[in-house]
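# Geometric and topological summary
What follows is the residue order along each chain.
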Amino acid sequence: MAEKIAVLGAGSWGSVLANMLTENGHDVTLWSRNEEQVKQLNTEHTNPRYMKDFVYSTKLTATTDMKEAVKDSSVVLIVIPTKGLREVAKQLNAILTELHQKPLIIHATKGLEQNTYKRPSEMLSEDIPSENRQAIVVLSGPSHAEDVAIKDMTAVTAACEDLASAKKAQKLFSNSYFRVYTNDDVIGAEFGAALKNIIAIGAGAIQGLGYHDNARAALITRGLAEIRRLGVAFGANPMTFIGLSGVGDLVVTATSKNSRNWRAGYQLGQGKKLQDVIDNMGMVIEGVYTTKAAYELSRKRQVQMPITEALYRVLYEGEDIKTAISQLMDRDLTSENE
Ligand SMILES: NC(=O)C1=CN([C@@H]2O[C@H](COP(=O)(O)OP(=O)(O)OC[C@H]3O[C@@H](n4cnc5c(N)ncnc54)[C@H](O)[C@@H]3O)[C@@H](O)[C@H]2O)C=CC1
Ligand SMILES: O=C(CO)COP(=O)(O)O
């Protein structure tokens, strides 16, 4: 059944998901705060800053008026970086109160909030109380916007404790090249999504330094071990980490040149300064901020996360990457299962 859907956030992922939902037959309005971008989407059907050369469906409309996008929408998809999520959630909540609407909320944000260490669905449930919404579904998994734009085969997870809502999201997004699985483990899906970006920066960094395949495989595997340790400490199902929102997303992000996190790490490995890397990316590098949140959270919870800790020292204390690698390799020898 065709639904009226508002998509909040017109960066690379929000705009490509909005386009795919439009092509799936839904009535989609894409909201962005940027007037120039909205004009370009509505007239040229392009979004050059985020998706160079991609042409969007002429049926997709964009607006800077969030109320116009949300009015009569049964589903609101939020695709905003973690840093801006609360601001957008508060705006949305005020509109939902005014319009007396209660949509299903789906989000695709991958990160943890600074200082509170909250997951995106926790932030959303605080800022959009249940009288203004249905359930909150997490859409996550190995899904670079660039690949989805060219209709490459993709499989992701829709996670929600309410399985009916996860199934609704599954139906909205699925098509011949985009296959959605359901999962009821929101905690595991969100920890996997946030933490894989840290390991992807590390993977880029070791490649930038000239290390090869063994090193990358070791980093990914031991990275997954510490992602799982932190997630399980907060109640995640360990099985989720061998699924699409766990190892699936970790592999794609830590091996793809489309990944902003991998690319940032690569440039750091080649000796670029962090601030220059951030300034030149022009898109969000979630892992830079998640490294800080996850490092602090792991200390608070006394969970061992040696790779995250090493990357924290590199990103926030200016430690040389080679020194961080030596320290990781020189730690006391241990069992794989600890
Ligand atoms: N790009 C991708 O392939 C994928 C991205 N994601 C996740 O989706 C989220 C968004 O990522 P992208 O679209 O790639 O980011 P992006 O950097 O391409 O675009 C972010 C968009 O959000 C807008 N924005 C940021 N803060 C805002 C605020 N306070 N109010 C209003 N608008 C705001 C920006 O103007 C921009 O249009 C991130 O958490 C990312 O990890 C998840 C899966 C795939
Ligand atoms: O989450 C993603 C792919 O699944 C996108 O990763 P990047 O933010 O590193 O580009």
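Residues numbered from 1 in each chain as written. Chains lettered and ligands numbered in written order. Predicted model: local features only at pLDDT ≥ 70, side-chain atom pairs only at ≥ 80, totals over all residues. Heavy atoms only, no water.

- Taking an unreviewed UniProt entry as the reference, the chain is identified by name as Glycerol-3-phosphate dehydrogenase [NAD(P)+] belonging to Limosilactobacillus balticus.
- UniProt, in its Pathway (unreviewed entry) section for the chain, records the words "Membrane lipid metabolism; glycerophospholipid metabolism."
- Of the chain, the UniProt comment under Subcellular location (unreviewed entry) reads exactly: "Cytoplasm". (UniProt positions renumbered as here; feature names shortened; annotations may be inferred.)

### What about the packing of aromatic side chains?
- What the rule picks out here adds up to 5 aromatic pairs.
- Between the aromatic rings of Y295 and Y312, the centroid separation amounts to 3.9 Å while the plane-to-plane angle is 10 degrees, which identifies the pairing as stacked. Taken as a pair, Y295 in helix α13 (residues 286-301) and Y312 in helix α14 (residues 306-317) lie far apart in primary sequence, 17 residues in all.
- Relative accessible area serves as the criterion here: at 14%, Y295 is assigned to the buried category.
- In this structure Y312 comes out as buried when scored by relative accessible area, which is 12%.
- Lying over the aromatic face of F234, R301 brings its terminal NZ or CZ to 4.1 Å of the ring centre. (Phe/Tyr/Trp six-rings, centres within 6.5 Å; stacked < 30°, edge-to-face > 60°. Helix = DSSP H or I, 4+ residues; strand = E, 2+ residues; numbered from the N terminus. Buried < 20%, exposed > 50% of the residue type's maximum accessible area, 1.4 Å probe, protein only. Lys NZ or Arg CZ within 6 Å of the ring centre and 35° of its normal.)

### What about the site of ligand 1?
- Within the structure, ligand 1 sits among 24 residues, and S12, A145, R260, V284 and E286 are positioned closest to it.
- Between ligand 1 and A108 there is a distance of 3.3 Å, counted from an oxygen atom to a backbone nitrogen or oxygen.
- In isolation ligand 1 exposes 830 Å². Once the protein is present, 92% of that is buried.
- Breaking the shell around ligand 1 down by element, the ones donating at least two residues are α1 (12-23) and α4 (82-99).
- For the shell around ligand 1, the residue count by class is 12 nonpolar, 7 polar and 5 charged. (Near = heavy atom within 4 Å. Polar contact = N/O pair within 3.5 Å; in protein donor to acceptor, adjacent residues only side chain to side chain. Areas by Shrake-Rupley, 256 points an atom, 1.4 Å probe, with all protein chains shown as cover. Nonpolar A, V, L, I, M, F, W, Y, C, P; charged D, E, K, R; others polar.)

### Section: the UniProt feature "active site" (unreviewed entry) in the chain
- Under the UniProt annotation, the feature "active site" (unreviewed entry) is placed at K196.
- Tracing the backbone through its elements, the reader meets K196 in helix α8 (residues 186-208).
- Accessibility expressed as a relative area gives 6% for K196, which makes it buried.
- Discounting residues that sit within four places of it in the chain, K196 has contacts with K110, I227, D249, L250 and T253. (Contact = heavy atoms within 4.5 Å.)

### Looking at the pattern of salt bridges
- Overall, the coordinates contain 18 salt bridges when judged by the stated rule.
- A salt bridge links R119 to E122, with the nearest nitrogen and oxygen atoms 3.5 Å apart.
- What makes R119 buried here is its relative accessible area of 10%.
- On the accessibility criterion, E122 (28% relative accessible area) is partly exposed.
- Note that R119 is salt-bridged to E190, the shortest N-O span being 2.7 Å. Taken together, the residues R119 in the loop between β5 (104-107) and α5 (120-127) and E190 in helix α8 connect sequence positions 71 residues apart.
- Residue classification places E190 among the buried positions, given a relative accessible area of 2%. (Salt bridge = Lys/Arg side-chain N within 4 Å of Asp/Glu carboxyl O.)

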